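Structure at a glance
For reference, the chains in residue letters:
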Amino acid sequence: MTSHRWAQAVPLLAVFGSVVALGIGTSFAKQLFPQVGSLGTTALRVGFSALLLLLIWRPWRWPLSRADAKCLVRYGVALGCMNLMFYQSLRTIPFGVAVAIEFSGPLAVAFFSSRRAIDYVWIALAIVGLGLLLPLGHDVASLDPEGVVFALGAAVCWASYIVFGKRVGHLHAGHSVALGLTMAAITVVPFGIWHAGSALLDPGILLFGLGVAAVSSAIPISLEMVALKRLSHSAFGVMASMEPAVAALLGLLVLGEQLSGLQWLAIGFIMAAAAGSSVTAQPDTHHGPADEIVQ
């Protein structure tokens with residue numbers, strides 16, 4: 001009985017570990033901003049992540065058609081822009097808030113993929129949550145508008161990434177993710193070089209960037225693949241919906257980012273929308289095993 005319970009707990013713990021690893025990696029990545037800026041940080045995180053996954057998965061072992069290659073280019077560019085905009089948003093708004101706003105991207109994909117009545121409940125929850133977070137009306141001073149725009153841009157890119165990712169869903173996950181991240185690196189690394197220049201070559205910064213990439217890519221993806229072999233898509237989605245709360249907690253503990261009670265409530269609404277959408281989603285609205293590499 002004990003071994004059976006442990007077997008049931010392992011995939012849940014794997015998803016939780018993936019979410020925590022992502023949050024830790026992003027929290028530490030933000031500490032590179034004073035040295036290389038958000039663009040340089042993105043270049044290090046995505047560039048080293050691509051190298052690690054190329055070494056792990058060796059995607060050149062699998063054949064690739066021209067049509068799939070074109071889809072992977074779009075998929076990778078969307079992934080690169082998503083990371084670029086997300087890290088730009090972290091310059092001026094808290095980590096947990098940025099993740100919550102960014103979650104509107106996959107939620108929009110799920111909502112537009114279905115027309116059932118229950119989906120409007122999740123739409124309402126997401127709208128309430130975003131309405132509490134966005135700097136509208138008398139709350140315009142609570143969040144930096146530029147940071148919010150970048151977070152919303154990251155949400156649009158995340159939605160595009162999911163749409164393009166479905167077109168290569170027939171490929172092995174390691175194949176598509178490794179090549180997608182390589183294209184993402186080709187997209188974002190030039191921005192980092194342009195902004196940070198030779199600072200990116202500092203040995204200490206390179207080592208720190210490698211650590212961030214390992215914690216926020218190789219570890220989460222490995223854990224997610226363990227989980228997805230044993231969990232339903234809905235269960236995985238519910239567990240993954242913890243990400244905004246985990247990000248907010250790590251932002252508080254690691255970065256000292258204080259959130260108001262209203263912001264915590266807004267994050268709760270968005271988490272409820274994400275969890276509910278996962279439970280009631282139709283099979284083809286699931287994002288896939290690579291969606292958590294966003295930060």
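Counting secondary structure elements, the protein contains 12 helices and 0 strands. Sequence-ordered secondary structure for the protein, helices as α and strands as β, is α-α-α-α-α-α-α-α-α-α-α-α. The 295 residues of the protein split such that 53% are buried. Per element, the accessible surface of the protein, about 12,800 Å² overall, is 71% carbon and sulfur.

Let us look at the packing of aromatic side chains. One pass over the full model with this rule turns up 6 aromatic pairs. Measuring from ring centre to ring centre gives 4.9 Å for Y75 and Y161, while their planes differ by 20 degrees; the resulting arrangement is stacked. Of this pair, Y75 sits in helix α3 (residues 66-89) while Y161 sits in helix α7 (residues 145-166); the two residues are 86 residues apart in sequence, bridging distant segments of the chain. Its relative accessible area of 5% is what places Y75 among the buried residues. Y161 sits in the buried class, given a relative accessible area of 1%. Residues F86 and F95 carry aromatic rings whose centres are separated by 6.3 Å and whose planes lie at 70 degrees to one another, so their mutual orientation is edge-to-face. Assigned by exposure class, F86 and F95 land together as buried. Connected via pairs of aromatic rings, a cluster forms that spans F33, F86, Y87 and F95. The ring centre of W62 lies 4.7 Å from the NZ or CZ of R61, which sits over that ring.

In the predicted model, the protein carries a mean pLDDT of 84, and the fraction of residues at 70 or more is 86%. Ignoring residues within four places in sequence, the model shows residues 137-141, a span with pLDDT below 50, making 1 contact including any to other chains. Note on residues 285-290: pLDDT under 50 across the span, and 16 contacts to partners over four residues away in sequence or across chains.

Mapped onto the elements, S89 comes out in helix α3. Setting aside its immediate chain neighbours within four residues, S89 contacts A98, G147, F150 and A151.

Formed by 64 residues in total, the largest nonpolar core has its most connected members in F86, I101, Y161 and L181. In terms of residues, this core owes the most to one element, α3, which gives 9 residues.

Calculation notes
- Residues numbered from 1 in each chain as written.
- Predicted model: local features only at pLDDT ≥ 70, side-chain atom pairs only at ≥ 80, totals over all residues.
- Heavy atoms only, no water.
- Helix = DSSP H or I, 4+ residues; strand = E, 2+ residues; numbered from the N terminus.
- Buried < 20%, exposed > 50% of the residue type's maximum accessible area, 1.4 Å probe, protein only.
- Areas by Shrake-Rupley, 256 points an atom, 1.4 Å probe, with all protein chains shown as cover.
- Phe/Tyr/Trp six-rings, centres within 6.5 Å; stacked < 30°, edge-to-face > 60°.
- Lys NZ or Arg CZ within 6 Å of the ring centre and 35° of its normal.
- pLDDT = per-residue confidence, 0-100.
- Contact = heavy atoms within 4.5 Å.
- Core = buried A, V, L, I, M, F, W, Y, C linked by side-chain atoms within 4.5 Å.

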